[in-house]
Amino acid sequence: MSSLNDKPAPVRAGEQLDVARLESYLADVIPNVQGRLSIQQFPSGFSNLTYCLQFGTLELVLRRPPFGNQVKSAHDMSREFRVLSQLHQIYELAPRPLVFCDDAAVIGAEFYVMERQHGVILRGPTAPDGLANPKKIRQLCQAFVDNLARLHALDYTAAGLGDLGRPDGYVDRQIEGWIKRYDQAKTEHVAELERLASWLDQHRPTIQSTSLIHNDYKYDNLMLNPNDLTQIVALLDWEMTTVGDPWMDLGTTLAYWVQPDDASMLRQHAFGPTLVEGSMSRQEIVDRYLEFSGGEARDPLFYYCYGLFKLGVIVQQIFARFVRGHTQDKRFAKLDRLVLAIGQAGLTAIDRETI
């Protein structure tokens, strides 16, 4: 299974770090750092940039905002560092951060460094051999949902994160905030996504609950045990975590969860093997979540559509970075097609009145 472990690759053009300055800085602030620094990049992320740092046998992970970032609130390294510093004390799946740097002279932006963990990250629609059995896939789906419910049940105030967000009015702020972000990232009109925004604005729920939420919970933010791919060993990418409504978090997860009856564009961009035999449907995820959490049932349609709109805006922000010349990553060149497909998926769900 070691061949499935998440591995770094050479750094992409235009996203290199100043090796000499970073080496000098880390040697001063991290104990037992010896030898010369070598840097590679984890190539699969679409948001914050993640690098593998190596000093001899010591491996670390560095996170920094994307080049050309125009939305600091979405790439706040100090906030992510603070969350992990507190959270890893009560939630063992959160990586342990080591140092935060706000001196842009080191690599051109603020960043933080954390311990490196090893494991398997599932990306794309194909399941590895260790999950070829539908029963194994079902077990992983159950672990996936149960872990989200467990996260929502954490006592975040005991972790010192009681002031992390503003739970009152959270749903309204999210709808208004993501509509504003879409307007700022717009490169052309996407009528489907704009109609979805209008529907969300007119169908805001009147009830709300509060918990710690991850805000980007999907397969490729989980790290799995190489010897048992049904066991989660780490939850990554905490940049958007806050205190808010857990159903909004669940809605984001549902938006990422592609089913066999979804449009081909969505199936091509599946965030993990959610299409393979044995996988839960979106409705089964909701049912399992309610069973594990013991919470009160809500109509999941609004939250699924919210998740789709949010995902569409995030993809549009990435596409806008490419259009505006802030990144040369060719993966982003055709993301406008995915934005359109996401908007269409939301309108289809509304027409059918089901997720």
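Residues numbered from 1 in each chain as written. Predicted model: local features only at pLDDT ≥ 70, side-chain atom pairs only at ≥ 80, totals over all residues. Heavy atoms only, no water.

> What should I look at first to understand the sheet that holds strand β4 (residues 97–101) in this one?
One key point about sheets: their strands pair by backbone hydrogen bonds, in either a parallel or an antiparallel sense. The antiparallel open sheet is built from 5 strands, whose spatial order is β1-β2-β3-β5-β4. Either end of the sheet is taken by a strand with one partner, and the two such strands are β1 (37–41) and β4. Between one strand axis and the next, the sheet turns through 25° on average, direction left out of account. Here helix α2 (residues 77–87) sits on the sheet and contacts β3 (58–64), β4 and β5 (111–115); the angle it forms with β4, its principal contact strand, is near 155°. (Pairing = 2+ DSSP bridges. Helix = DSSP H or I, 4+ residues; strand = E, 2+ residues; numbered from the N terminus. Axes fitted to C-alpha atoms, helices over the stretch in contact; angles between N-to-C directions. Contact = heavy atoms within 4.5 Å.)

> Would you take a moment to explain the nonpolar core for this structure?
In a soluble, globular protein the nonpolar side chains are often hidden away together inside. In terms of nonpolar packing, the biggest core is built from 92 residues, with Leu-87, Tyr-91, Leu-212, Phe-302 and Phe-309 touching the most fellow members. When residues no more than four places from it in sequence are discounted, the contact partners of Leu-87 are Ala-94, Leu-154, Leu-161, Leu-212 and Trp-238. With 19 residues, the next largest nonpolar core counts Leu-49, Phe-55, Val-99 and Val-106 among its residues. (Core = buried A, V, L, I, M, F, W, Y, C linked by side-chain atoms within 4.5 Å. Buried < 20%, exposed > 50% of the residue type's maximum accessible area, 1.4 Å probe, protein only.)

> Sorry, what's going on with the environment of Gly-56 here?
Of note, Gly-56 is situated in the loop between β2 (49–55) and β3. Taking relative accessible area as the criterion, Gly-56 reaches 47% and is therefore assigned partly exposed. Counting along the chain gives 161 residues from Gly-56 to Tyr-217, while the straight-line C-alpha distance between them is 33 Å. Excluding residues that lie within four positions of it along the chain, Gly-56 makes contacts with Gln-34 and Arg-36.

> Just checking my understanding: could you explain the packing of aromatic side chains for this structure?
The geometry of an aromatic ring pair comes down to the distance between the two centres and the angle between the two planes. As enumerated under the stated definition, the model contains 14 aromatic pairs in all. A centroid spacing of 5.9 Å and a plane angle of 75° characterise the contact between Tyr-25 and Phe-111, whose relative ring orientation is edge-to-face. Linking Tyr-25 in helix α1 (residues 19–29) with Phe-111 in strand β5, this pair joins segments that are 86 residues apart in sequence. On the basis of relative accessibility, which here comes to 0%, the residue Phe-111 falls in the buried class. Cluster of aromatic residues (ring-pair linked, three or more members): Trp-199, Trp-247, Tyr-289, Phe-302 and Tyr-303. Sitting above the plane of the Trp-178 ring, Arg-181 keeps its charged end 4.3 Å from the centroid. (Phe/Tyr/Trp six-rings, centres within 6.5 Å; stacked < 30°, edge-to-face > 60°. Lys NZ or Arg CZ within 6 Å of the ring centre and 35° of its normal.)

> Please clarify how the side chain of Arg-282 should be interpreted in this entry.
Here Arg-282 lies in helix α9 (residues 282–293). A polar contact of 2.7 Å, which involves the side chain of Arg-282, links it to the backbone oxygen of Trp-257. (Polar contact = N/O pair within 3.5 Å; in protein donor to acceptor, adjacent residues only side chain to side chain.)

> What am I meant to see in the packing of helix α6 (residues 191–202) against helix α10 (residues 300–323) here?
Two measures define how a pair of helices packs: the angle their axes make with one another and the distance between the axes. Two numbers describe how α6 lies on α10: the axes approach to 10 Å, and their chain directions differ by 140°. Between α6 and α10, the angle is such that the two are oblique. Classified by chirality, the crossing of α10 by α6 is left-handed. The segment α6 lies against α10, with Leu-193, Leu-196, Ala-197, Trp-199 and Leu-200 engaging Leu-301, Phe-302, Cys-305, Tyr-306, Leu-308, Phe-309, Gly-312 and Val-313. Classifying every residue of the contact of α6 with α10 by side-chain character gives 12 nonpolar, 1 polar and no charged. (Parallel < 35°, antiparallel > 145°, perpendicular 65-115°, else oblique. Left-handed = near helix turned anticlockwise from the far one by under 90°. Nonpolar A, V, L, I, M, F, W, Y, C, P; charged D, E, K, R; others polar.)

> Would you take a moment to explain the pattern of salt bridges for this structure?
For the coordinates displayed, the defined rule picks out 21 salt bridges. Between Glu-23 and Arg-36 there is a salt bridge; the shortest N-O distance is 3.2 Å. With a gap of 13 residues between them, Glu-23 in helix α1 and Arg-36 in the loop between α1 and β1 connect regions that are remote in the sequence. In this structure, the salt-bridge partner of Asp-262 is Arg-282, at a minimum N-O distance of 2.9 Å. Of this pair, Asp-262 sits in the loop between α7 (246–256) and α8 (264–268) while Arg-282 is found in helix α9, placing the two residues 20 residues apart along the sequence. Among the residues examined, Asp-262 registers a relative accessible area of 11% and is labelled buried. Judged by its relative accessible area of 4%, Arg-282 falls in the buried class. Linked by salt bridges that have partners in common, Arg-63, Glu-80, Asp-237 and Glu-239 make up one network. (Salt bridge = Lys/Arg side-chain N within 4 Å of Asp/Glu carboxyl O.)

> Explanation requested: unusual backbone geometry in the structure shown.
Residues apart from glycine generally show negative phi values, whereas peptide bonds are mostly found in trans. Of note in this structure, Asn-32 is not a glycine but carries a positive phi near 65°. Secondary-structure assignment places Asn-32 in the loop between α1 and β1.

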